[in-house]
Amino acid sequence: MAAAWAQQGPGGFRARDGLEGFLTPEDREAIGRIVLQRAKERLGLSDQQAEQIRAIVQARQDEARADIQALRQARADLRQLLERQDADPAALKAAAERLKILQGKLLDRRLDTLLALRSQLTPDQWAKWVELRKARGHRWMGRGRRSAL
């Protein structure tokens, strides 16, 4: 089974072992380039717009990395407390509150990123972007027809 994870997957991306996920940083970068190229084609982005968007997304990902790790740890901490029958209710509530704060912080970051991206697009490009996101069912738009915001 471990040998299967080390094999190259579809599209040439290489899965790997470890807690950090299945993709290497190089794989993530390659996927990012593909996604940006597709967005450039579908939205009619200029080279300057595409570069500004790439910079925004990269900066926001770098900023969020520590918060994402903290969120993972907070989830694990809460899970461990919930598994214990003798866990102190105050400790459970404190762990849940920490989780809520981190989730809120990441939601705020996603909204800030969305607003920064929107500022780089023309009204027509924005309308196309919204339609593409709806069709794909991304988190900020909810699943299918439901609306998350």
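Residues numbered from 1 in each chain as written. Predicted model: local features only at pLDDT ≥ 70, side-chain atom pairs only at ≥ 80, totals over all residues. Heavy atoms only, no water.

Caption draft 1: Spotlight on the confidence of the model for the chain. Overall, the prediction assigns the chain a mean pLDDT of 81, with 78% of residues at 70 or greater. Mean pLDDT across the secondary structure elements of the chain bottoms out at helix 1 (residues 2–6), with 41, and peaks at helix 4 (residues 89–118), with 95. Segment residues 1–19: pLDDT under 50, and 25 contacts once partners within four positions in sequence are set aside and those in other chains are kept. Confidence drops under pLDDT 50 across residues 140–149; counting only partners more than four residues distant or on other chains, this segment forms 18 contacts. (pLDDT = per-residue confidence, 0-100. Helix = DSSP H or I, 4+ residues; strand = E, 2+ residues; numbered from the N terminus. Contact = heavy atoms within 4.5 Å.)

Caption draft 2: Highlighting the side chain of Gln 49. Looking at where Gln 49 falls in the secondary structure, it is placed in helix 3 (residues 47–83). Note on Gln 49: relative accessible area 12%, which makes it buried. Polar contacts involving the side chain of Gln 49 include one to the main-chain amide nitrogen of Ser 46, which spans 2.9 Å. Ignoring sequence-local partners within four residues, the contact set of Gln 49 consists of Gly 44, Gln 120, Leu 121, Thr 122 and Gln 125. (Buried < 20%, exposed > 50% of the residue type's maximum accessible area, 1.4 Å probe, protein only. Polar contact = N/O pair within 3.5 Å; in protein donor to acceptor, adjacent residues only side chain to side chain.)

Caption draft 3: Structural detail: a positive patch on the surface. Residues Arg 28, Arg 72, Arg 75 and Arg 79 make up a contiguous surface patch of positive charge. A per-element tally of the positive patch places helix 3 first, with three residues. Among the residues examined, Arg 79 registers a relative accessible area of 48% and is labelled partly exposed. (Patch = residues over 30% accessible without salt bridge, like charges linked within 9 Å, V, L, I, M, F, W, Y side chains within 5 Å. Areas by Shrake-Rupley, 256 points an atom, 1.4 Å probe, with all protein chains shown as cover. Salt bridge = Lys/Arg side-chain N within 4 Å of Asp/Glu carboxyl O. Lys, Arg positive; Asp, Glu negative; His and termini not counted. Charge placed at Lys NZ, Arg CZ, Asp CG, Glu CD.)

Caption draft 4: The arrangement of the pattern of salt bridges in detail. Counted according to the given criterion, the structure contains 11 salt bridges. Between Arg 98 and Asp 77 there is a salt bridge, with its nearest N and O atoms 3.3 Å apart. Residue Arg 98 is found in helix 4, and its partner Asp 77 is found in helix 3; the two are separated by 21 residues along the sequence. Residue Asp 77 is classed as partly exposed on the basis of its relative accessible area of 25%. Residue Lys 100 pairs with Glu 97 through a salt bridge whose shortest N-O separation is 3.3 Å. With Lys 100 and Glu 97 both in helix 4, this residue pair falls three residues apart, about one helical turn. What emerges from the salt-bridge pattern is a single network uniting Glu 63, Asp 67, Lys 105 and Arg 109.

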